[in-house]
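Fold and contact review
Each chain, written out:
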Amino acid sequence: MNSIERPVPPMNADERAVLEGWLDFHRATLETKCAGVDDTQAATASVPPSGITLTGLVQHMAEVERNWFRRVLAGEQAPPIHDSRADPHGTEGGFELAEGASLHEALSTWKAEVVGARECCADRALAETGHFAGHEVSLRWIYVHMIEEYARHNGHADLVRERIDGTTGV
C-alpha cells in the first residue's frame with residue numbers, strides 16, 4: 001500500500017488517551033485502506049451484491065464524524081455533507097456517490113471533519129454530554145461508538161480493497 005503512519009494506541013495510559021489512541025488508529029486504518037487506488041477503483045462496488053465502495057465508506061465516515069461530534073456533542077446545526085436527503089443524523093448517509101465524486105475529495109472532506117471533531121473534543125471532559133434521539137450521550141460513549149463504527153467499516157474496506165487489487169491486512 002503506502003506509508004501512511006498508523007499511531008499505535010497507548011497500552012498503559014489514562015482512559016482518554018486510550019480512547020483517542022484507538023480512534024486515531026482506526027481513522028488511519030481507513031486512510032491506509034484507500035492508499036494507492038484511483039477514483040475508478042475507489043468507486044467500484046467490488047463485493048456484489050453490496051454497493052459499498054471505498055469512496056462511499058470515506059464519505060459515510062465524514063458524515064458520522066460530523067454527526068456525533070458536531071451535531072450531537074456540540075449541538076451544531078450542521079447539514080449533511082453529501083446528500084441533503086440523507087438521514088439528518090448522519091448515521092446512514094454518504095454511501096451513495098454523486099456523479100464525478102472522487103476519492104481525493106472524499107478524503108479531504110473526511111480529514112476536515114476529523115480536525116473539527118478533535119477541536120470539538122479538546123476541552124471537553126469524557127463525562128460531558130450531548131443529545132441524541134431524546135437521550136443524553138457522553139463523550140466517552142461517543143468515542144467508544146466511533147471506535148466500533150470505524151472497526152466495522154474498516155472490515156468492509158478490507159474486503160472491498162481485496163476485491164480491487166488483492167491487498168489485504170493492515
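Remember, it's a predicted structure, so these values are computed and weren't measured experimentally.

**Structural notes on the overall build of the protein chain**
In terms of regular secondary structure, the protein chain is built from 5 helices and 2 strands. In the protein chain, the succession of helices and strands from N to C terminus is α-α-α-α-β-β-α. The C-alpha atoms of the protein chain give a radius of gyration of 16 Å, which matches the 15 Å a tight globule of 170 residues would have. Seen through its principal axes, the protein chain has C-alpha atoms that stretch 45 × 40 × 25 Å. Put simply, the protein chain has 170 residues, and 43% of those count as buried. Intrachain contacts of the protein chain at a sequence separation of at least 6 include 70% that bridge at least 24 residues. Just so you have it, the protein chain exposes about 8600 Å², and 52% of that area is on carbon and sulfur atoms. The averaged location of the 27 negative side-chain charges in the protein chain is 1 Å from the averaged location of its 15 positive side-chain charges.

**With respect to the packing of helix α3 (residues 54-73) against helix α4 (residues 103-121)**
Where α3 contacts α4, the two axes come as close as 9 Å, and the packing angle between them is 20°. On the basis of the axis angle, α3 is roughly parallel to α4. α4 is crossed by α3, and the crossing has left-handed handedness. Judged by residue contacts, Thr55, Val58, Gln59, Met61, Ala62, Glu65, Arg66, Phe69, Arg70 and Leu73 of α3 engage Leu103, Ala106, Leu107, Thr109, Trp110, Glu113, Val114, Ala117, Cys120 and Cys121 from α4. Tallied by class, residues from the contact of α3 with α4 come to 13 nonpolar, 3 polar and 4 charged.

About the thresholds
- Residues numbered from 1 in each chain as written.
- Predicted model: local features only at pLDDT ≥ 70, side-chain atom pairs only at ≥ 80, totals over all residues.
- Heavy atoms only, no water.
- Helix = DSSP H or I, 4+ residues; strand = E, 2+ residues; numbered from the N terminus.
- Rg over C-alpha atoms; globule rule 2.2 N^0.38 Å.
- Buried < 20%, exposed > 50% of the residue type's maximum accessible area, 1.4 Å probe, protein only.
- Contact = heavy atoms within 4.5 Å.
- Areas by Shrake-Rupley, 256 points an atom, 1.4 Å probe, with all protein chains shown as cover.
- Lys, Arg positive; Asp, Glu negative; His and termini not counted.
- Charge placed at Lys NZ, Arg CZ, Asp CG, Glu CD.
- Axes fitted to C-alpha atoms, helices over the stretch in contact; angles between N-to-C directions.
- Parallel < 35°, antiparallel > 145°, perpendicular 65-115°, else oblique.
- Left-handed = near helix turned anticlockwise from the far one by under 90°.
- Nonpolar A, V, L, I, M, F, W, Y, C, P; charged D, E, K, R; others polar.

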